[in-house]
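A closer look at the structure
Each chain, letter by letter, is given below.
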Amino acid sequence: MNIYDFTVKDRNGNDISLSEYKRKVLLVVNTATGCGFTPQYKELQEIYEELKDKGFEILDFPCNQFGEQAKGSDEEIHTFCTGRFGITFPQFAKVDVNGDNAIPLFKWLTENTKFNGFGMSPMSLILSGVVKKQDKNYKNNGNVKWNFTKFLIDRNGEIVARFEPTDMKKLKKAIEEIL
């Protein structure tokens, strides 16, 4: 199984086969418009603009599971992201990434990756405390811990790496290495 085996809903409710992205390097991100990490949209758009012509795509999946920070309809979220951050990468329908209602794509991503920690920055320490209150076993499962968790997929549709929301510095380099 790889990412091309999944079908997801675009922000208009249409089915999209991820096989449409064959032979591209993909970054799958769960996002939110009202999160402390929301400014990452700017960095993600900059990376996208620089690397899209080399076969890179960002697949944006808004998610309201963490602090209810992705309120609004799919269209309202899209309008916010394009207006405030100028995003041009594909944005899909709002999804659940954990639990019984998680979409199959995210079940596959979380079952096939490990959480490697948030790092040691002040924000990382705060986030660890918040997440621990929600899931005492958070260090030992692959669940998405917060908004802006990123999964890097190679041109063969295989998961290469997982980046927690606090881990933007290593992201661009990892993308460039597999392009």
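All values reported here derive from a predicted model rather than from experimental measurement.

Before going further, it helps to spend a moment on the overall build of the chain. Each helix and strand in the chain was counted, giving 5 helices and 6 strands. When the elements of the chain are put in sequence order from the N terminus, they spell out β-β-β-α-β-α-α-α-β-β-α. Rg of the C-alpha trace for the chain: 15 Å, near the compact-globule value of 16 Å for 179 residues, within the 12% margin. Taking the principal axes of the C-alpha coordinates as reference, the chain spans close to 40 × 35 × 30 Å. Put simply, the chain has 179 residues, and 50% of those count as buried. Restricting the contact set of the chain to residue pairs at least 6 apart, pairs at least 24 apart contribute 69%. Carbon and sulfur atoms make up 46% of the accessible area of the chain, which totals about 8,900 Å².

With respect to the element layout, Cys 35 can be found in the loop between β3 (25-31) and α1 (40-51). Here Cys 35 falls in the buried class, since its relative accessible area comes to 9%. For the pair Cys 35 and Asn 147, spaced 112 residues apart in sequence, the C-alpha separation works out to 7.3 Å. Excluding residues within four positions of it along the chain, Cys 35 makes contact with Gln 69, Trp 146 and Asn 147.

Even without a glycine there, the phi angle at Arg 23 is positive, about 70°. Along the chain, Arg 23 falls in the loop between β2 (15-17) and β3. Even without being glycine, Glu 68 reaches a positive phi, approximately 45°. Looking at the secondary structure, you find Glu 68 in the loop between β4 (56-62) and α2 (74-85). Exposure remark for Glu 68: the relative accessible area of 52% places this residue in the exposed category.

Bringing the pattern of salt bridges into the picture now. Scanning all chains against the criterion turns up 7 salt bridges. Among the ionic pairs, Arg 11 bridges to Glu 75, the shortest N-O distance being 2.9 Å. Within this pair, whereas Arg 11 is found in the loop between β1 (7-9) and β2, its partner Glu 75 is found in helix α2, the two being separated by 64 residues in sequence. A residue is classified by how much of its surface remains accessible, and Arg 11, at 25% relative accessible area, is partly exposed.

Thresholds applied
Residues numbered from 1 in each chain as written. Predicted model: local features only at pLDDT ≥ 70, side-chain atom pairs only at ≥ 80, totals over all residues. Heavy atoms only, no water. Helix = DSSP H or I, 4+ residues; strand = E, 2+ residues; numbered from the N terminus. Rg over C-alpha atoms; globule rule 2.2 N^0.38 Å. Buried < 20%, exposed > 50% of the residue type's maximum accessible area, 1.4 Å probe, protein only. Contact = heavy atoms within 4.5 Å. Areas by Shrake-Rupley, 256 points an atom, 1.4 Å probe, with all protein chains shown as cover. Salt bridge = Lys/Arg side-chain N within 4 Å of Asp/Glu carboxyl O.

That is the geometry; function is a separate question.
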